[in-house]
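# Fold and geometry: a report
Letter by letter, the chains look like this.
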Amino acid sequence: MKIKLAERLYLETEIPVYQVEYFIFSWKPFEHAKLKLRGYLGAHISWNQEVLEHASIQLSVEQEGKIQVIYHGYVAAMNLETIGKFFSFELEALSASCLLDVEVKNKSFQAVEKTYGEMIKEMVSEHGSQVIRNRDSDRMIGYPVFCLNETLWQFINRMGKKIGVYVIPDLETGKPNLWFGMRKGKRISSFTENDFSMQINPLENDDRIVFQVKDRNFYKIGDGTSYLGENVTITEVQGCFEHGELVFTYGLENKTTCKPCKQGIEMAAGQGFWGTVKAVNNEQVKLALEIDHGEETGDYYFPWCPETGNVFYAVPEIGAKALLCFFDAGQEHGMVVHCMNREHKTSKGLENKVLKTKEDNLVQLEKKRVYFSQNNQNLLEVHDHDASTVSENSLSILAKKKIKLKAKRINISAPEEIKLCQD
C-alpha cells in the first residue's frame, strides 16, 4: 500500500500503516542504511504478524517533477503496543545490503591479475547483486585473498578499508547493490553558508574537515558542489521527518581528502589450508583448496618450502594433498610446507624413491632401507635394525672426543690391517 505522509512525501509498504509520526534514516559508507520509524496501524485493517517480518519499506519524494526514492529497505525489528483502537508501532529497517550480511563464508580468490572491484563483483553476483566500481581508486589484487569466517558484507568492507576506498550500499533499488569506491554523482547547486557545523578529524598526515549542512532537497552520496570556497563531495546523508516536515542533513568533505583511512585488518598468523595439487612449475605448486570445495579459483603458484628442506629438489605430485600455511599476519606470504598422497592405502610411488646423478652417485629410499652409493664403490646402507658401510679406499671415523660403538656383535674386516689409534 502507498500512503501520502506529507506534501511531496510518500510511503510504500506491505504494512497497514495508518499514520507516521516520525522517522529518521542514515546513509553512510561501510554501513547498512538504517531507518527508524514510529507510527500507528489501522485497527480496522486485517493483517498478519508474518507480513510485518522482513516487510519492504520505501520512502520517496516528489522532486523536480519526478518521484525520487530516498530510502528502500527491509524491516529488521518491530515493536507493537495497543492504544485504544490503534496499534502503536516502532520499527527498524536496513537497506538490502543486509542480505549480504547473513551467511558466513570461507573462500579463496586466486585470480590475482584481477582488481579488488572485479573480485567483489564476481563474488556477489550469485546473490543477484551488482557492483559499480570506481576505476580510479580500484587496484590489482597481486596475491591471493581469503574470505574467512565472515559474511560477504564484512569481507567487502575489509577489502575497502584495506586499500582505502569507500563501500557504499544502494539506497534505491531494494537490491543488495553497492559502490566499491566513491560514487561519481552529479554537480548540484551550493548549500546556504549561513548555518553549518564543522568537524575536524585526523587523516594520516592531514586533517579531514567535514561540514554538516541542512537542506530540504534530497541529494546522494557522491554528488559534488562548492562550499566555502572548497570543492566538496557528499559523504553522508541523514533524513529526518518530524511534525510533518522532512529535513536532510549532509556531510560535505573536501574532494582531496574524501577517502577512508587505510586499515590493515588481516587474518592472524599461523593459518593453514589443505588443498589438492593441480599443477607444478619448478618449485611452485598450484592448489585447489578444500575451502573452495576442491575448485580452482585462479592460476596462482605458491612456493614449495617443506619443513624438511628441499635438498633433493623434490616437488609434490599432481593430485597429492598439500598444506598451505601463512606464518605471518596477512595473506601475502603463503607457502606449501607439507604434502601427502590423498589415497593413503595406494602405493602411488611412495615406497621406493631413487635419485641418481650423471656421475653415477645414487640415493635410494625404500620402505625399510636407505641406501647411498658413490660410483658403486663407497656404500652406506641403513636398515630398520642395522647399518653397514663399505669403502674401496679408506674409511675414517673422526671425533674430537669419544667414539662409541655398541652392539651385541661388531664385525670389522680389512684385506691388510686395521689400526685403532688414540692421540
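Before any of the text, the structure's been laid out above.
My aim in this report is to walk through the structure given alongside it, one point at a time. (Residues numbered from 1 in each chain as written. Predicted model: local features only at pLDDT ≥ 70, side-chain atom pairs only at ≥ 80, totals over all residues. Heavy atoms only, no water.)

Below, the discussion takes up the pattern of salt bridges. Pairing between side chains of opposite charge can happen when the charged atoms of each approach one another. Taken as a whole and judged by the stated rule, the model has 18 salt bridges. With a closest N to O distance of 3.0 Å, E122 and K114 form a salt bridge. Put simply, E366 and R369 hold a salt bridge, and the shortest N to O gap is 3.0 Å. Judged by relative accessible area, which is 18%, R369 ranks as buried. Within the structure, one salt-bridge network assembled from shared partners comprises E103, K105 and E126. (Salt bridge = Lys/Arg side-chain N within 4 Å of Asp/Glu carboxyl O. Buried < 20%, exposed > 50% of the residue type's maximum accessible area, 1.4 Å probe, protein only.)

What follows covers the sheet that holds strand β18 (residues 271-281). Strand pairing in a sheet takes place through backbone hydrogen bonds and is either antiparallel or parallel in direction. Strand order across the open sheet formed by 5 strands is β20-β19-β18-β21-β22, with antiparallel pairing between neighbours. Whereas interior strands pair on both sides, the edge strands pair on one side only; in this sheet they are β20 (302-303) and β22 (334-340). Alignment of β18 against strand β21 (residues 321-326), held across 6 bridges, turns out to be antiparallel. When the bridges of β21 are listed, G275 appears paired with A322. (Pairing = 2+ DSSP bridges. Helix = DSSP H or I, 4+ residues; strand = E, 2+ residues; numbered from the N terminus.)

On the surface, a cluster of nonpolar side chains totalling about 760 Å² of accessible area is made up of I397, I403, L405, I410, I412, I418 and L420. The residue L420 is located in the segment after β27 (387-390) in this model. (Patch = residues over 30% accessible without salt bridge, like charges linked within 9 Å, V, L, I, M, F, W, Y side chains within 5 Å. Areas by Shrake-Rupley, 256 points an atom, 1.4 Å probe, with all protein chains shown as cover.)

A positive phi angle, close to 50°, is found at L228, a residue other than glycine. For L228, the location among the structural elements is in the loop between β15 (224-227) and β16 (230-242). When its relative accessible area of 36% is taken as the criterion, L228 is described as partly exposed. At H243, a position not held by glycine, the phi torsion is positive, near 55°. Following the sequence through the fold, H243 ends up in the loop between β16 and β17 (245-254). The exposed category is assigned to H243, whose relative accessible area is 76%.

Time to look at the sheet that holds strand β12 (residues 178-180). Within the open sheet, the 3 strands sit side by side as β9-β12-β11. Their pairing is mixed. Looking along the sheet, the strands with just one partner apiece sit at the ends: β9 (131-133) and β11 (167-169). The mean angle between the axes of side-by-side strands here comes to 20°, regardless of whether they run parallel or antiparallel. As judged from the 3 bridges shared by β9 and β12, these two strands associate in the parallel manner. Residue pairing across strands places R133 opposite F180, the latter belonging to β12. Packing of helix α2 (residues 116-124) onto the sheet brings it into contact with β9 and β12, and relative to β9 it is tilted by some 175°. Sheet strands in contact with helix α3 (residues 152-163) are β11 and β12, and its direction is about 30° off that of β12. (Axes fitted to C-alpha atoms, helices over the stretch in contact; angles between N-to-C directions. Contact = heavy atoms within 4.5 Å.)

On to the environment of G128, then. The topology assignment puts G128 in the loop between α2 and β9. Overall, G128 belongs to the partly exposed group, its relative accessible area being 46%.

Counting buried positions over the 6 residues of β21 gives 5, a clear majority of the element. Taken together, the 6 bridges between β21 and β22 define a ladder with antiparallel strand orientation. Note on β22: the bridge partner recorded for F326 is G334.

Looking at the element boundaries, L171 is found in the loop between β11 and β12. In this structure L171 comes out as buried when scored by relative accessible area, which is 2%. As for L171 and A6, which are separated by 165 residues in sequence, their C-alpha atoms are 21 Å apart. If near-sequence neighbours (up to four positions away) are discounted, L171 is found in contact with F25, W27, A33, V69, I70, Y71, H72 and F218.

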